[in-house]
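Structure assessment
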Amino acid sequence: MKKHMFTFKKCNLALAVMASCIIGCVHAEDIKFSGFLSVGGGFVSDDKSIPYGGYSEEDLSFDRNIVGLQATGNMTDKVSATAQLIARSEKNYELKAEWAYITYKATDSIKIRAGRLRTPFYIYSDFLDVGYAYSWIAPPREVYYLPFNNVDGVDVYVTHPLGSFDTTLQAYYGSFNDTLNFQGKDAAAKTRKQMGVAATLGKDWWTLRAAYHVADLSIDVSASPLSATTTIGSFAQTLGKFGFQKNADNLLVDGDSASFAEIGGTIDTGKFVAAAEHVEFKPGKSLLSKNVREYVMLGVRQGDWLFHVTAQKSKDEQATPEVGIPAGVALPVVGSTNVLIGTLQQIAKSQVVDRNVLSIGTRWDFTAGTALKLQVDDVDDSAGKQKVVSVAVQTVF
């Protein structure tokens, strides 16, 4: 059963070249390098049930590996360049430029950046690929599910104390172009007029965060199959021929005004840790569902060990592209408007995720900068149940 799970097929040669050129403009002695590596794998308890987290086999496979290298160079006292190149095993280690931007330090508390940036959707967005930076092997999948995590544009990043509190404010504007996999077919995707703001407020051992983003979203879903002879695009044409052009437009994802809101927070007292986030994605009038997702994590440290439990929940709201079509009206060829209504409802239903996940994990920092992690996910999906066991070694250097 295909759900609202789409992933990007990247082509990053141009960005990788651009990143190399940016860093190449800096003297070698002024460049600082850092990197990260994650080697991991896992298996499911029942290969006849639903796949989850990229795992579908009962045999343990180590195919969730990622390596990244980041370079930052100072051009002047005010201007620096940053590039981050990443290769993933599931992408055949194809090199990809995750970041490639220039920073202008306007003041001690204000930075302006331009280029390919990480979109500040989540608490852990800035180090989304650096597994060593958080408790889990990967951030909670029910919340960290968006396939577009970067934006090409400009942002302003401000840090400033507010009384006894530490605050940050990030505002950006840009766009995004790429190709994603939508229900087994490549689909061109883009955002226009994408903008957002993210703010944090913290003190000592706690931090609160909120973010809001808007964009005109387009995804070419027309080639996605409904049957052996019908695609979403051809069905939209059928709707138009019967006079339901508004419903045809609502079925497609073409310049729809989408929004994404997030609120969350973290606690780290040294002994106890906690994190929580709630997100809502509103895709506008289209076949995509409104996504309502959240998680809560609690953990405790004991020496070099961290033990944690995380509850995740997805409760999407089905879209209604059938609204406005009268029921029971006779039509040539298809027989009745009920066929159109039923098909539209089925398409919308296929995009809904209704799932609860309970994760139990541990982290052992067995040496400086390196951690061994083990995690068990108990998945309760509307399409079935599954248990996923995963393990990883993650390091920074």
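Read on for a plain summary of the structure. (Residues numbered from 1 in each chain as written. Predicted model: local features only at pLDDT ≥ 70, side-chain atom pairs only at ≥ 80, totals over all residues. Heavy atoms only, no water.)

1. Description of the overall build of the protein chain
Where we set the bar: Numbered from the N terminus, helices here are DSSP runs of H or I no shorter than four residues, and strands are runs of E no shorter than two. As defined in this context, the radius of gyration uses C-alpha atoms, and a globule is described by 2.2 Å times the residue total to the power 0.38. Only protein chains enter the accessibility calculation, which uses a 1.4 Å probe; a residue whose area is less than 20% of its type maximum is buried, one above 50% is exposed, and one in between is partly exposed. Contacts are residue-level and defined by heavy atoms, with any inter-residue pair within 4.5 Å sufficient. Here, Shrake-Rupley sampling with a 1.4 Å probe gives the accessible areas, and only protein chains in the shown set may cover a residue. His residues and chain termini do not enter the charge count, which takes Lys and Arg as positive and Asp and Glu as negative. We put the charge of a Lys on NZ, of an Arg on CZ, of an Asp on CG and of a Glu on CD.
Secondary structure summary: the protein chain contains 4 helices and 19 strands in total. In terms of overall dimensions, the protein chain is globule-like: its C-alpha atoms have a radius of gyration of 23 Å, near the 21 Å expected for 397 residues. If you line up the protein chain on its principal axes, its C-alpha atoms span 75 × 45 × 45 Å. The buried share among the 397 residues of the protein chain stands at 45%. Put simply, of all contacts in the protein chain between residues at least 6 apart along the chain, 60% involve residues at least 24 apart. Summed over all atoms, the accessible surface of the protein chain reaches about 18900 Å², with 60% contributed by carbon and sulfur. Of the charged side chains in the protein chain, 39 are positive and 42 negative; the average position of the first set lies 3 Å away from that of the second.

2. Observations regarding the environment of D129
Position of D129 relative to the elements: it lies in the loop between strand 6 (110-118) and strand 7 (150-162). Spatially, the C-alpha atoms of D129 and N250 are 35 Å apart, while their sequence positions differ by 121 residues. Residues in contact with D129, not counting those within four places in the same chain, are F36, I66, Q84, I86, R88, E98, R118 and Y134.

3. Section: a nonpolar patch on the surface
Note the following rule: Only residues whose relative accessible area exceeds 30% and that form no salt bridge enter a patch; like-charged residues are grouped when within 9 Å of one another, and nonpolar side chains (Val, Leu, Ile, Met, Phe, Trp, Tyr) when within 5 Å. We define a salt bridge as a contact between a side-chain nitrogen of Lys or Arg and a carboxyl oxygen of Asp or Glu at a distance within 4 Å.
There is a patch of nonpolar side chains on the surface, built from F33, L37, V39, L60, F62, V67, L69, Y93 and F397 and spanning about 860 Å² of accessible area. Counting residues per element, the ones that place at least two in the nonpolar patch are strand 2 (31-44) and strand 3 (66-74). If one sorts the elements of the nonpolar patch by residue count, strand 2 sits on top with 3 residues. Summarising the element assignment, L69 is placed in strand 3.

4. Things to note about empty space enclosed by the protein
Which parts of space are left empty comes out when a probe the size of a water molecule is rolled across the atoms. Heads up, the condition is: Of the grid points, spaced at 1 Å and generated over the protein atoms alone, those admitting a 1.4 Å probe that cannot get out make up cavities, while open sets with protein on both sides within 12 Å along at least five of seven lines make up pockets; any residue with an atom within 4 Å of a point is treated as lining. Grid points are joined across faces, edges and corners, and a volume is the space filled by probe spheres set on the points. Each residue receives one of three labels: charged for Asp, Glu, Lys and Arg, nonpolar for Ala, Val, Leu, Ile, Met, Phe, Trp, Tyr, Cys and Pro, and polar for the others, Gly being one of them.
Under the defined criterion, the tally for this structure stands at 4 cavities of 30 Å³ or more. In terms of lining residues, the largest cavity is bounded by 14 residues, among which F121, F148, A215, F260 and F281 are the most central. Those elements giving two or more residues to the lining of the largest cavity turn out to be strand 9 (185-203), strand 10 (206-219) and strand 11 (253-268). Among the elements that take part in the lining of the largest cavity, strand 10 stands out by supplying 4 residues, more than any other. In terms of residue class, the lining of the largest cavity is built from 10 nonpolar, 4 polar and no charged. One number sums up the size of the second largest cavity: a volume of about 40 Å³.

5. Quick word on helix 4 (residues 337-349)
Spelled out, the test is: Under the convention used throughout, the expected extent of a helix is 1.5 Å for every residue step, that is, one less than its residue count. Think of the arc as the fan of directions from the helix axis to the C-beta atoms. Two N or O atoms form a polar contact when they lie within 3.5 Å of each other; inside protein one atom must be a possible hydrogen donor and the other a possible acceptor, and for residues adjacent in sequence the pair counts only when both atoms belong to side chains.
With 13 residues, helix 4 extends 18 Å between its outermost C-alpha atoms, agreeing within 8% with the 18 Å of an ideal straight helix rising 1.5 Å per residue. Of the positions making up helix 4, those classed as buried are T337, L340, I341, L344, I347 and A348. Angularly, the buried residues of helix 4 cover 130° about the axis, an arc narrow enough to put them on a single face. Of the surrounding secondary structure, the elements contacted by the buried residues of helix 4 are helix 2 (232-241), helix 3 (245-251), strand 15 (330-331) and strand 16 (335-336). Here helix 4 starts with a cap whose side-chain oxygen sits 3.1 Å from the backbone nitrogen of N338, and that cap is S336.

6. Some points on the pattern of salt bridges
Counted by the stated rule, this structure contains 20 salt bridges. Among the ionic pairs, D155 bridges to R113, the shortest N-O distance being 2.7 Å. Highlighted residues: D155 in strand 7 and R113 in strand 6, separated in sequence by 42 residues. Exposure remark for D155: the relative accessible area of 1% places this residue in the buried category. R113 gets classed as buried once you look at its relative accessible area, which sits at 12%. The residue R355 makes a salt bridge to D381 at a minimum N-O spacing of 2.8 Å. You can see R355 sitting in strand 17 (residues 354-367) and its partner D381 sitting in strand 18 (residues 370-381), a full 26 residues away along the chain. For the pair R355 and D381, one class covers both residues: buried. Connected through shared salt-bridge partners, R88, K96, E98, R118 and D129 make up one network.

Nothing here speaks to function; it is all geometry.
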